[in-house]
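# Topology and contacts: notes
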Amino acid sequence: MTDPNRPSSTSDLHQRVKAAQDRNLSASKEKTSASSHVGSGMGVGLRVGVDLVVGVGVGGVIGWGLDWWLGTKPYLLALFIIFGFIAGLMNVIRTAKQATNKPKSGSEG
Amino acid sequence: MASPLKQFTIEPILDLSIGETDISFTNSSLWMVITALVLIIFVAVGTRRSSIVPGRWQSAVEYFYQVVADMVRDNVGSGGRPYFPFIFALFMFILFGNLLGLIPGSFTFTSHLAVTFAMAAFIFIGVTLIGIFTHGLKFFSLFFPHGAPIVSAPVLIPIEIISYFSRPISLSVRLFANMTVGHVLLKVIGGGVVALGSFYILPGIVPFMALVAITILEVMIAVIQAYVFAILTCVYLNDALHLH
């Protein structure tokens with residue numbers, strides 16, 4: 001019963017609990033920061049592609065709708081597809097900015 | 001071999017309708033109910049006998065709580081605290097839906113644009129209303145970048161409006177496309193395993209190895225997509241609460 005790894009006395013219990021907690025905390029902290037880093041990196045990558053395509057698509061739909069409403073076929077469609085492309089690019093740039101300075105204050109976006 | 005798109009067919013289980021509207025209980029609805037039940041059981045059992053030193057199950061629940069709490073705090077700040085329950089439920093529902101959808105023979109409701117767009121549209125409308133109620137007409141300054149010259153307004157405002165309206169679409173298309181593509185890929189390569197393996201055992205091993213790797217990748221994507229959906233909801237909420 002005299003196993004040095006499992007002392008049964010309660011005298012140093014507090015110390016042992018503290019040591020175990022510290023170990024656990026640092027381990028879990030490392031793990032979460034590493035995994036969230038990988039996850040967010042891949043997440044950002046997946047976000048970017050869709051943003052570009054959808055920007056052009058939404059721009060095209062709005063342009064087409066305005067053309068149909070104002071009877072200016074096809075000029076607004078062309079214009080809004082270009083706007084849509086720019087909007088998609090801006091979304092990508094914003095995503096990239098957010099990814100690079102992650103610990104930002106809530107007031108800036 | 002069945003078509004790789006057959007797994008996405010909606011089959012009514014219980015035919016229901018209100019007037020002309022078809023509201024049948026389908027396999028998609030069934031799996032949403034199963035997801036919600038699994039989620040409720042997971043969280044309820046984990047918090048039933050909550051102790052200071054958590055057991056395995058309780059730690060698992062607390063881990064998810066921690067992830068979402070950190071996400072809301074980092075992306076929205078303290079103003080996002082009232083919305084934590086919604087984001088937690090959203091994240092867990094999508095996550096469990098994605099993961100349960102990977103079980104062979106199950107149905108992935110997140111692989112339907114109707115489902116993901118309904119969620120994204122709800123978030124979009126909700127976030128816009130929150131922004132308007134918090135800031136009133138000042139909310140519309142979101143469409144004009146702070147400090148830009150007034151001459152650039154005719155160009156910048158349409159671009160910002162397109163950018164704003166593309167949010168629910170990119171949010172829903174991203175989740176739907178990732179889930180659909182992943183499941184089609186699994187089915188196609190799975191078919192390759194059967195076709196090549198029945199021809200001779202050795203060539204069947206190559207697509208089988210690819211299938212194992214892609215299954216792992218799909219589990220990762222299921223988690224990441226749920227995370228991305230939730231984090232973008234937080235980002236949009238932050239924009240509505242704090243403007244630029």
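Residues numbered from 1 in each chain as written. Chains lettered and ligands numbered in written order. Predicted model: local features only at pLDDT ≥ 70, side-chain atom pairs only at ≥ 80, totals over all residues.

## Focus: the overall build of chain A
- The helix and strand tally for chain A stands at two helices and zero strands.
- Here chain A holds 109 residues, and the buried ones make up 18% of them.
- Relative to all contacts within chain A whose residues are 6 or more apart in sequence, the contacts with residues 24 or more apart total 62%. (Helix = DSSP H or I, 4+ residues; strand = E, 2+ residues; numbered from the N terminus. Buried ≥ 20, exposed ≤ 12 C-beta atoms within 10 Å, placed from the backbone. Contact = placed C-beta atoms within 7 Å.)

## Observations concerning the overall build of chain B
- Looking only at helices and strands, chain B has six helices and four strands in total.
- What you see in chain B, going N to C, is helices and strands ordered as β-β-β-β-α-α-α-α-α-α.
- Seen along its three principal axes, the alpha-carbon backbone of chain B occupies a region of about 70 × 50 × 45 Å.
- In chain B, once contacts between residues fewer than 6 apart in sequence are set aside, the share between residues at least 24 apart is 62%.

## A few points about helix 1 (residues 27–48) of chain B
All names here are of chain B.
- Between its first and last C-alpha, helix 1 extends 31 Å over 22 residues, near the 32 Å set by a 1.5 Å rise per residue.
- Here helix 1 has its buried residues at Ser28, Thr35 and Gly46. Mapping the buried residues of helix 1 onto a view down its axis gives an arc of 35°, with all of them on the same face. Exposed side of helix 1, more than 90 degrees from the buried face: Val33, Leu37, Ile40, Ile41, Ala44, Val45 and Arg48 are the residues found there.
- Where helix 1 is buried, its residues meet strand 4 (25–26), helix 2 (56–75) and helix 3 (84–101). (Expected span 1.5 Å × (residues − 1). Arc of directions from axis to C-beta.)

## A few points about unusual backbone geometry
- A cis amide bond links Lys73(A) to the next residue, Pro74(A), at an omega of -10°.
- Its location among the elements puts Pro74(A) in the loop between helix 1 (13–70) and helix 2 (75–100).

## Quick notes on the packing of helix 1 of chain B against helix 2 of chain B
Residue and element names in this part refer to chain B.
- The geometry of helix 1 relative to helix 2 is characterised by a closest axis approach of 8 Å and an angle of 120° between their N-to-C directions. Classified by the angle their axes make, helix 1 and helix 2 are oblique. In this structure, helix 1 meets helix 2 at a crossing whose hand is left-handed. Here Phe42, Val43, Val45, Gly46 and Thr47 of helix 1 lie close against helix 2, whose contacting residues are Trp57, Gln58, Ala60 and Val61.
- Among the residues making up the contact of helix 1 with helix 2, the classes are represented as six nonpolar, three polar and no charged. (Axes fitted to C-alpha atoms, helices over the stretch in contact; angles between N-to-C directions. Parallel < 35°, antiparallel > 145°, perpendicular 65-115°, else oblique. Left-handed = near helix turned anticlockwise from the far one by under 90°. Nonpolar A, V, L, I, M, F, W, Y, C, P; charged D, E, K, R; others polar.)

## Overview of the interface of chain B and chain A
- Facing 20 residues of chain B, the contacting portion of chain A comprises 22 residues.
- At 11 residues, the largest contribution of residues to the side of chain B that touches chain A is made by helix 5 (residues 153–199) of chain B.
- Here the side of chain B that touches chain A is built from residues that sort into 10 nonpolar, eight polar and two charged.

## Thoughts on the nonpolar core
All names here are of chain B.
- Core analysis: the biggest nonpolar cluster contains 48 residues, and Phe91, Ala226, Phe229, Ala230, Ile231, Cys234 and Leu237 have the highest contact counts within it.
- Broken down by element, the residue count for this core peaks at 15 residues, all from helix 6 (residues 201–242).
- Dropping the residues within four chain positions of it, Cys234 is found in contact with Met71, Val72, Asn75, Val76, Gly80 and Ile87. (Core = buried A, V, L, I, M, F, W, Y, C linked by C-beta atoms within 7 Å.)

## Regarding helix 2 of chain B
All names here are of chain B.
- Helix length check: helix 2 (20 residues) gives 29 Å between terminal C-alpha atoms against 28 Å at 1.5 Å per residue, within 8%.
- Residues of helix 2 that are buried: Val68, Met71, Val72 and Asn75. Mapping the buried residues of helix 2 onto a view down its axis gives an arc of 100°, with all of them on the same face. With respect to the buried face of helix 2, the exposed residues turned more than 90 degrees away are Arg56 and Asp70.

## Topic: the confidence of the model for chain B
- With 99% of its residues at a pLDDT of 70 or more, chain B shows a mean pLDDT of 89.
- Per-residue pLDDT, averaged within each element of chain B, yields its smallest value for strand 3 (residues 21–22) of chain B (82) and its largest for helix 3 of chain B (95). (pLDDT = per-residue confidence, 0-100.)

## A word on the packing of helix 2 of chain B against helix 3 of chain B
Residues and elements named next belong to chain B.
- Taken N-terminus to C-terminus, the directions of helix 2 and helix 3 make an angle of 125°; their axes are 10 Å apart at the nearest point. Considered as vectors, helix 2 and helix 3 are oriented oblique to each other. The two elements helix 2 and helix 3 meet at a crossing, and its hand is right-handed. Counting all contacts with helix 2, which are made through Phe64, Val68, Ala69 and Val72, the residues of helix 3 involved are Phe84, Ile87, Phe88, Phe91 and Met92.

## Examining the confidence of the model for chain A
- The predicted model of chain A has a mean per-residue pLDDT of 73, with 61% of residues at 70 or higher.
- Within the model, pLDDT remains below 50 along residues 103–109 of chain A, and this stretch shows nine contacts once partners closer than five positions in the same chain are excluded.

## Structural notes on the environment of Gln225(B)
Residue and element names in this part refer to chain B.
- Within the secondary structure layout, Gln225 lies in helix 6.
- A C-alpha to C-alpha distance of 8.4 Å links Gln225 and Ile94, two positions 131 residues apart in sequence.
- Those residues in contact with Gln225, other than ones at most four positions away along the chain, are Asn98, Leu175 and Asn178.

## A word on the environment of Ile86(A)
Residues and elements named next belong to chain A.
- Here Ile86 is to be found in helix 2.
- For Ile86, a count of 19 C-beta atoms within 10 Å corresponds to the partly exposed category.
- Sequence spacing of Ile86 and Ala96 is 10 residues, and the spatial spacing of their C-alpha atoms is 15 Å.

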